Amino acid sequence: DGKDEEEPVLLLRFTDLESGSYQDDDARNGGITYEMGMTSIHAVRQDGTVLHGVDVFREAYDIVGLGWVYAITNLNPTFRNISDHVYNFFATYRTQVTRGAKLQDLIQQQYGDDENENECA
């Protein structure tokens, strides 16, 4: 009927840290560096609030109407603490399983290893 469709509201922003166009100083990316993003999942709300870890999953699932999936993690501080620790353990070792490389090695590759080059000279 000729009406312009409205742009969808972006409630959470996820970006590819390894894309050539990613810039951590872009305000839309919440100042999340490669190291921060690889260490723990992050998302940026429309208002600029940065979430990380299990809070990202809680928010994302809530937005799509599946908040009940993570609701148990908010029932009491013990459940929340356990879920945070399980995620942090997973985040620490996930790249060894998914990419065959340690997290620190990927971070050093991204930033270059200038410090070690000077030690060899």
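Please read all numbers here as calculations on a predicted model, not as lab measurements.

Asks: Would you mind showing me how to read the side chain of T73 here?
Replies: Structurally, T73 is set in the loop between α3 (68–71) and α4 (77–98). Owing to a relative accessible area of 8%, T73 belongs among the buried residues under this scheme.

Asks: I'm lost on the side chain of R94 in this one. Help?
Replies: Assignment of secondary structure puts R94 in helix α4. Here R94 occupies a buried position and makes no salt bridge, while the nearest side chain of opposite charge, E18, is found at 8.2 Å.

Asks: I would appreciate a short explanation of the sheet that holds strand β3 (residues 50–52) in the present structure.
Replies: Strands belonging to one sheet form pairs held by backbone hydrogen bonds; the direction of such a pair is parallel or antiparallel. Overall, antiparallel pairing links the three strands, which are arranged β1-β2-β3 in an open sheet. A strand with exactly one partner marks an edge of an open sheet, and here the two such strands are β1 (12–13) and β3. The sheet contact formed by β1 and strand β2 (residues 42–45) spans two bridges and is antiparallel. The residue of β2 that forms the bridge with R13 is V44. Against the sheet, helix α2 (residues 54–63) engages β1, β2 and β3, with an angle of about 110 degrees to β3.

Asks: Help me understand α4 in this model?
Replies: In an α-helix, one full turn covers 3.6 residues, which means residues spaced three or four apart are oriented alike. Here α4 is 22 residues long and its end C-alpha atoms lie 30 Å apart, about the 32 Å a rise of 1.5 Å per residue gives. The sharpest bend along α4 reaches about 40 degrees and sits at T92. All of the buried residues in α4 are S83, Y87, A91, R94 and T95. As for α4, its buried residues are in contact with α1 (34–39), α2 and α5 (103–111). One side-chain oxygen at the N-terminal end of α4 lies 2.8 Å from the backbone nitrogen of T78; it belongs to N76. Positive backbone phi, approximately 70 degrees, marks G100, located one or two places after α4.

Asks: Help me understand the packing of aromatic side chains, please; the structure alone is not making it clear to me.
Replies: Two numbers describe a pair of aromatic rings. These are the distance of the centres and the angle of the planes. If you walk through the whole model with that rule in mind, you get six aromatic pairs. Each ring, one from Y87 and one from F90, has its centre 6.1 Å from the other, and the planes form 50 degrees; the classification is tilted. Taken together, the positions of Y87 and F90, both in helix α4 and three residues apart, correspond to about one turn of that helix. Residue class for Y87 comes out buried when judged on its relative accessible area of 10%. With relative accessibility at 46%, the residue F90 sits in the partly exposed group. Each residue in the set F57, Y61, Y70, Y87 and F90 is aromatic and connected to the rest through ring pairs, giving one cluster.

Asks: What is the right way to look at the pattern of salt bridges in this model?
Replies: Note on pairing: side chains with opposite charge can pair once their charged atoms come close. Tallied over the entire structure, the rule returns six salt bridges. A salt bridge links D26 to R28, with the shortest nitrogen-to-oxygen separation between them at 2.7 Å. Take D26: its relative accessible area is 18%, and that puts it in the buried class. Connected via shared salt-bridge partners are D55, R58, R80 and D84.

Analysis parameters
- Residues numbered from 1 in each chain as written.
- Predicted model: local features only at pLDDT ≥ 70, side-chain atom pairs only at ≥ 80, totals over all residues.
- Heavy atoms only, no water.
- Helix = DSSP H or I, 4+ residues; strand = E, 2+ residues; numbered from the N terminus.
- Buried < 20%, exposed > 50% of the residue type's maximum accessible area, 1.4 Å probe, protein only.
- Lys, Arg positive; Asp, Glu negative; His and termini not counted.
- Salt bridge = Lys/Arg side-chain N within 4 Å of Asp/Glu carboxyl O.
- Pairing = 2+ DSSP bridges.
- Contact = heavy atoms within 4.5 Å.
- Axes fitted to C-alpha atoms, helices over the stretch in contact; angles between N-to-C directions.
- Expected span 1.5 Å × (residues − 1).
- Bend = angle between axes of the 7 residues up to and from the residue.
- Polar contact = N/O pair within 3.5 Å; in protein donor to acceptor, adjacent residues only side chain to side chain.
- Phe/Tyr/Trp six-rings, centres within 6.5 Å; stacked < 30°, edge-to-face > 60°.

Shape descriptors only; they carry no functional weight alone.
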